[in-house]
Amino acid sequence: MSALPAVKEATAADHQHRCRGCNVRLSRYNSDAHCSACARRAWRSVSREPRVPLQIWSSAEVRTALVERNFGALCLLVRRLGSLKQEDLAELTGLSQAFLSMLESGTRRLTNIEKIVMLLNGLDVPLELTGPILRSADTSMARIPQCVEPEHPSV
Ligand SMILES: [Zn+2]
């Protein structure tokens, strides 16, 4: 009874243990269904990374940058506070990384209203900070109920 019956099982598991995503053979010590690369990819698609953390919008610096329409400073702050890369911002906003880089360094200014809308929408700036004019119609309509919600007194 004290003998370990594990040898045969381990061999079978070793034979079958392949990543469900890419079918790469997994270490027998990897108890997951996916290799680390596939696990990371799956996690990214589920969590829709990158994401701007909501709490950064309560930062006074961020609000000042918005009020001053200093979009370069805004991008820098969002990236610093949200631990995001320029590529992340590019992915979120649809603006090119080269453009964002110039914006942050101050060599370019953001004056094109379409691009401003892209930026604000992409960063998902709370509607009460931008007003509806600077947002795409879809986003503005979808977000209006959320913006009044905290004002309700508890019943
Ligand atoms: Zn894999």
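Everything quoted here is computed from the prediction, not taken from an experiment. (Residues numbered from 1 in each chain as written. Predicted model: local features only at pLDDT ≥ 70, side-chain atom pairs only at ≥ 80, totals over all residues.)

1. Considerations on the overall build of the protein chain
Secondary structure summary: the protein chain contains nine helices and zero strands in total. The order of helices and strands in the protein chain, counted from the N terminus, is α-α-α-α-α-α-α-α-α. Here the protein chain, with 155 residues, has 15% of them falling under the buried criterion. In the protein chain, the share of contacts with a sequence separation of at least 24, taken over all contacts with a separation of at least 6, comes to 33%. (Helix = DSSP H or I, 4+ residues; strand = E, 2+ residues; numbered from the N terminus. Buried ≥ 20, exposed ≤ 12 C-beta atoms within 10 Å, placed from the backbone. Contact = placed C-beta atoms within 7 Å.)

2. Points about unusual backbone geometry
You will see that S83, though not glycine, has its phi angle at about 50°, which is positive. On the secondary structure map, S83 appears in the loop between α4 (71–82) and α5 (86–93). Backbone geometry places D124, a non-glycine residue, at a positive phi of 60°. Inspection of the secondary structure puts D124 in the loop between α7 (113–123) and α8 (127–130).

3. Overview of the packing of α5 against helix α6 (residues 97–105)
Orientation of α5 relative to α6, taken along the N-to-C sense of each, is 115°, at an axis distance of 9 Å. Considering how the two elements wind past one another, α5 and α6 form a crossing that is right-handed. Two secondary-structure elements touch here, α5 through Q86, E87, L89 and A90 and α6 through Q97, L100 and S101. Of the residues assigned to the contact of α5 with α6, the class counts are three nonpolar, three polar and one charged. (Axes fitted to C-alpha atoms, helices over the stretch in contact; angles between N-to-C directions. Left-handed = near helix turned anticlockwise from the far one by under 90°. Nonpolar A, V, L, I, M, F, W, Y, C, P; charged D, E, K, R; others polar.)

4. A look at the nonpolar core
Core analysis: the largest hydrophobic core is formed by 18 residues, its most contacted members being F71, L74, C75, V78, L119 and L123. Breaking this core down by element, the ones donating at least two residues are α3 (60–67), α4, α5, α6 and α7. The element best represented in this core is α4, accounting for five residues. Residue contacts for F71: discarding those within four places in its chain leaves L103, L110 and L119. (Core = buried A, V, L, I, M, F, W, Y, C linked by C-beta atoms within 7 Å.)

5. Comments concerning α5
Among the residues of α5, those classed as buried are L89, L92 and T93. Buried residues in α5, looked at end-on, bunch into an arc of 80°, giving them a common side. Against α4, α6 and α7 lie the buried residues of α5. Of the residues one or two after α5, G94 is the one with positive phi, at around 85°. (Arc of directions from axis to C-beta.)

6. Here we look at α7
Because the α-helix completes a turn every 3.6 residues, residues three or four places apart line up on one side. Looking at α7, one finds that the buried residues are L119, L120 and L123. All buried residues of α7 lie within an arc of 90° about the axis, which places them on one face of the element. The inward-facing, buried residues of α7 abut α4, α5 and α8. D124 sits one or two positions beyond α7 and adopts a positive phi of about 60°.

7. Observations regarding the packing of α3 against α4
The geometry of α3 relative to α4 is characterised by a closest axis approach of 8 Å and an angle of 155° between their N-to-C directions. For the element pair α3 / α4, the angle class is roughly antiparallel. The crossing of α3 and α4 is left-handed. On the side of α3, the interface is formed by E61, V62, A65 and L66, while α4 contributes A73, L74, L77 and V78. (Parallel < 35°, antiparallel > 145°, perpendicular 65-115°, else oblique.)

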